[in-house]
Amino acid sequence: FNDTATTEIYTLSLHDALPIWTIILSDRIILLFYGEGFENSGIVLRILSVYLPIKFINLAMGYTLLSINKEKLRAFSFVIAMAANILLNLLLIPKFSLIGAAIATVITEGILFISYYYFIARNFYRIKLPLILLKPSFAGLIMGIFVYHFKDINLIFLISSAAIIYSAVLYLVKSFDEKDLEIFK
């Protein structure tokens, strides 16, 4: 299971930074790509940016269920998530429109995560989430503070600098062991 845990650490490490940038810089990103008139879309982008890291972890956990011959549990998880998504859309979209759809999407992915986590823990291995999340979250916090403080500078420079800071913090907190560092060489 070490390879699966390492995959999850890499997944979190690589995809934890993007939502942080997006949450802080969503208004600038919308303005850059879509221009004037779409400023109100920033909140939707902020909400949906939370979806990405959950989705990447769910992909790994879904394949884990397949690899341990628990296809039925994976399918059952999808059915639960689909039912929740339909219900959430019916409840949230009429009242909150696009924001409601974004919230429903994130909650649905969270439900899928909980289901996958439960079935993997019960049938294979209990993933130590606090251990896996601690270092990438700390690196994300440091990077997020930097991005927030300098959010008005050149966007390309800001994102490049933030990526370097994020990677440096991951390295400094020893998020990767010697075997992991060999992969990057």
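Reading the values: rules and limits
Residues numbered from 1 in each chain as written. Predicted model: local features only at pLDDT ≥ 70, side-chain atom pairs only at ≥ 80, totals over all residues. Heavy atoms only, no water. Core = buried A, V, L, I, M, F, W, Y, C linked by side-chain atoms within 4.5 Å. Buried < 20%, exposed > 50% of the residue type's maximum accessible area, 1.4 Å probe, protein only. Helix = DSSP H or I, 4+ residues; strand = E, 2+ residues; numbered from the N terminus. Phe/Tyr/Trp six-rings, centres within 6.5 Å; stacked < 30°, edge-to-face > 60°. Polar contact = N/O pair within 3.5 Å; in protein donor to acceptor, adjacent residues only side chain to side chain. Contact = heavy atoms within 4.5 Å. Salt bridge = Lys/Arg side-chain N within 4 Å of Asp/Glu carboxyl O.

Asker: Teacher, can you tell me more about the nonpolar core here?
Answerer: Grouped burial of nonpolar side chains is what soluble globular proteins tend to show. Formed by 16 residues in total, the largest nonpolar core has its most connected members in Trp-21, Leu-25, Met-143, Val-147, Ala-162 and Tyr-166. Counting only elements with at least two residues in this core, the list comes to helix H2 (17-34), helix H6 (129-149) and helix H7 (155-172). With 6 residues, H7 is the single largest residue contributor to this core. Ranked by size, the runner-up nonpolar core spans 15 residues in total, among them Tyr-116, Tyr-117, Phe-119 and Ile-120.

Asker: In this structure, what is going on with the packing of aromatic side chains? I would like to understand it.
Answerer: Tallied over the full model, the rule gives 6 aromatic pairs. Between the aromatic rings of Tyr-34 and Phe-38, the centroid separation amounts to 5.9 Å while the plane-to-plane angle is 50°, which identifies the pairing as tilted. We classify Phe-38 as partly exposed; its relative accessible area is 42%. On the basis of an interplanar angle of 85° and a centroid distance of 6.2 Å, the ring pair of Phe-78 and Tyr-116 is categorised as edge-to-face. According to the relative accessible area criterion, Tyr-116 is buried, its value standing at 1%. An aromatic cluster is defined as three or more aromatic residues linked by ring pairs; in this entry it consists of Phe-76, Tyr-118 and Phe-119.

Asker: How should the side chain of Glu-109 be read in this particular structure?
Answerer: Note that Glu-109 resides in helix H5 (residues 71-123). The class of Glu-109 is buried, set by a relative accessible area of 7%. A distance of 2.7 Å separates the side chain of Glu-109 from the side chain of Asn-58, its partner in a polar contact. Contacts of Glu-109, omitting those with residues within four sequence positions, involve Tyr-51, Ile-54, Lys-55 and Asn-58.

Asker: I keep staring at the pattern of salt bridges and nothing clicks. Help me out?
Answerer: Two side chains bearing opposite charge may form a pair once their charged atoms approach each other closely. A full pass over the atoms with the stated rule returns 2 salt bridges. Here Arg-46 and Asp-27 are joined by a salt bridge, their closest N and O atoms 3.4 Å apart. In this pair, Arg-46 sits in helix H3 (residues 42-49) while Asp-27 sits in helix H2, placing the two residues 19 residues apart along the sequence. Since its relative accessible area comes to 25%, Arg-46 is described here as partly exposed. A salt bridge links Glu-109 to Lys-55, with the shortest nitrogen-to-oxygen separation between them at 4.0 Å. Of the two residues, Glu-109 is situated in helix H5 and Lys-55 in helix H4 (residues 51-67); the sequence distance between them amounts to 54 residues. Judged by relative accessible area, which is 26%, Lys-55 ranks as partly exposed.

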